[in-house]
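# Summary of the model geometry
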Amino acid sequence: MHRRMKVCLTAITASLFTVAAAAQAIEKPPRVDVDGKISWVYDYAEGQLLSQASGKPMFVVFRCER
Amino acid sequence: MNGMNLNQFQFEYDLTWMAFFQNASGQTYLRYGGRRDADAETYMTKASLVRAMRQTLVLHEQGAAKPSSRYEPVAERVRTPADIPPMRGMISRRKVSCIHCHDVKVAELRHARDQGTLRKEMVFTYPDPANLGIRLDPDIQYRVASVAPASSAAAAGIRVGDLVRQVEGQRTLTFADFTRVLELAPASGTLGIVVERNGRRQDEMQLQLRPGWRKSADPSWRASGGVVGPNAGLWGVPADQARRREIGLTANDLAIKVTFIHKPWSRSAGIRLNDYILSIDGQSNHMTTRQMQSYLHQNTDWGDTIELVLYRDGKKRTVQMTFPDSPPE
């Protein structure tokens, strides 16, 4: 990824709550920090609570986790 | 997809990646994701993702999430993948618990089959706006990049450079937003579209929904395709150039080398490993193995008998393949 683009994406993503909704499995993956700034939340309801508390919108992603 | 509320998150389940931007109440600002038949990543550019994130922040500031509607529901009633009857058996046979997006669509189609309501065109979900003649700009996904000649879009008066503001009254900022409206569009009739041209909002134009408009030319990427029809019961790779020359074929001709046979109907037909398929059900134009399977899904039915032309030991031979009357479990 282009360095400037990466910085830009990271900065914007930090303004959103990042919810990896695909993985609401029985065993939830641990939170993983990306560049020390993005922490994916693997629970939609928890993401909603964090979004409400912070006033930030959510970035809800469905992807193949494994 | 384990435990996800399918009433809330309705999207193209044949995809491997999809995103929603929402407020804390679950109302959607915009969708992001989707693909063309020919390429999975055309509409997954960094520029468009950054744009979608910035648009979301502006809409969030304005409190402009979409109100709950059939397009972007905030569902109170919960329906999870486990509520689709065929999914229960699929889950019990799994070694790992993860339910993929395409599993949900496969289960929905199998349920329709069990109910006797399955139609082959059900595979064609979330149609590409290109089906109506509109190719969206991959980076600015509300901008019309091209208009196909003689298409519905051309007939409606859509032009290159138009900025799509609304379709059927819905804000469509991304390719995924547009396909969501198309998913809920009828089989025939018209679709209202509002564009901005040279800074001025135009009067609503009408896109004609022509017969079969939801179908696309190459659904072979869709994992769900196999539910609606039989497959060849084998796998293969394209013949190399030397073999094509030997057989007297061009690059436009079908020539698939059989590398794996996994169904009784392909064995019963007399097909062997290293045979070359030169024609199947009368189709002799070049196809990948996936496209060949997709052709059978869409154009043949369980119980049908089809003809194949094979090449083996320097000779062509014709064989018949009969599919079982119903799909094996």
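Bear in mind the structure is a predicted one, so any value in this text is a computation, not a measurement.

### With respect to the overall build of chain A
Along the backbone of chain A there are 2 helices and 4 strands. If you list the helices and strands of chain A from N to C, you get α-β-β-β-α-β. Among the 66 residues that make up chain A, the fraction classed as buried is 29%. Expressed as a percentage of contacts within chain A between residues at least 6 apart in sequence, the contacts between residues at least 24 apart total 59%.

### A closer look at unusual backbone geometry
Residues and elements named next belong to chain B. If you check the backbone angles, E168 has positive phi at about 50° while not being a glycine. Secondary-structure assignment places E168 in the loop between β5 (163–167) and β6 (170–171). The residue N274 is not glycine, and still its phi comes out positive at about 75°. Here N274 is to be found in the loop between α7 (264–268) and β12 (276–280).

### Comments concerning the domain arrangement of chain B
All names here are of chain B. In terms of domains, chain B is made up of domain 1 (18–122), domain 2 (129–209) and domain 3 (229–322). Its C-alpha centre places domain 1 at a distance of 22 Å from the equivalent point of domain 2. Taken together, the contact pairs 16 residues of domain 1 with 15 residues of domain 2. At the level of secondary structure, the elements contributing two or more residues to the side of domain 1 that touches domain 2 comprise β2 (28–33) and α1 (46–62). When grouped by side-chain class, the residues that make up the side of domain 1 that touches domain 2 number 6 nonpolar, 6 polar and 4 charged.

Cut-offs and rules
- Residues numbered from 1 in each chain as written.
- Chains lettered and ligands numbered in written order.
- Predicted model: local features only at pLDDT ≥ 70, side-chain atom pairs only at ≥ 80, totals over all residues.
- Helix = DSSP H or I, 4+ residues; strand = E, 2+ residues; numbered from the N terminus.
- Buried ≥ 20, exposed ≤ 12 C-beta atoms within 10 Å, placed from the backbone.
- Contact = placed C-beta atoms within 7 Å.
- Domains from an automatic or database assignment.
- Nonpolar A, V, L, I, M, F, W, Y, C, P; charged D, E, K, R; others polar.

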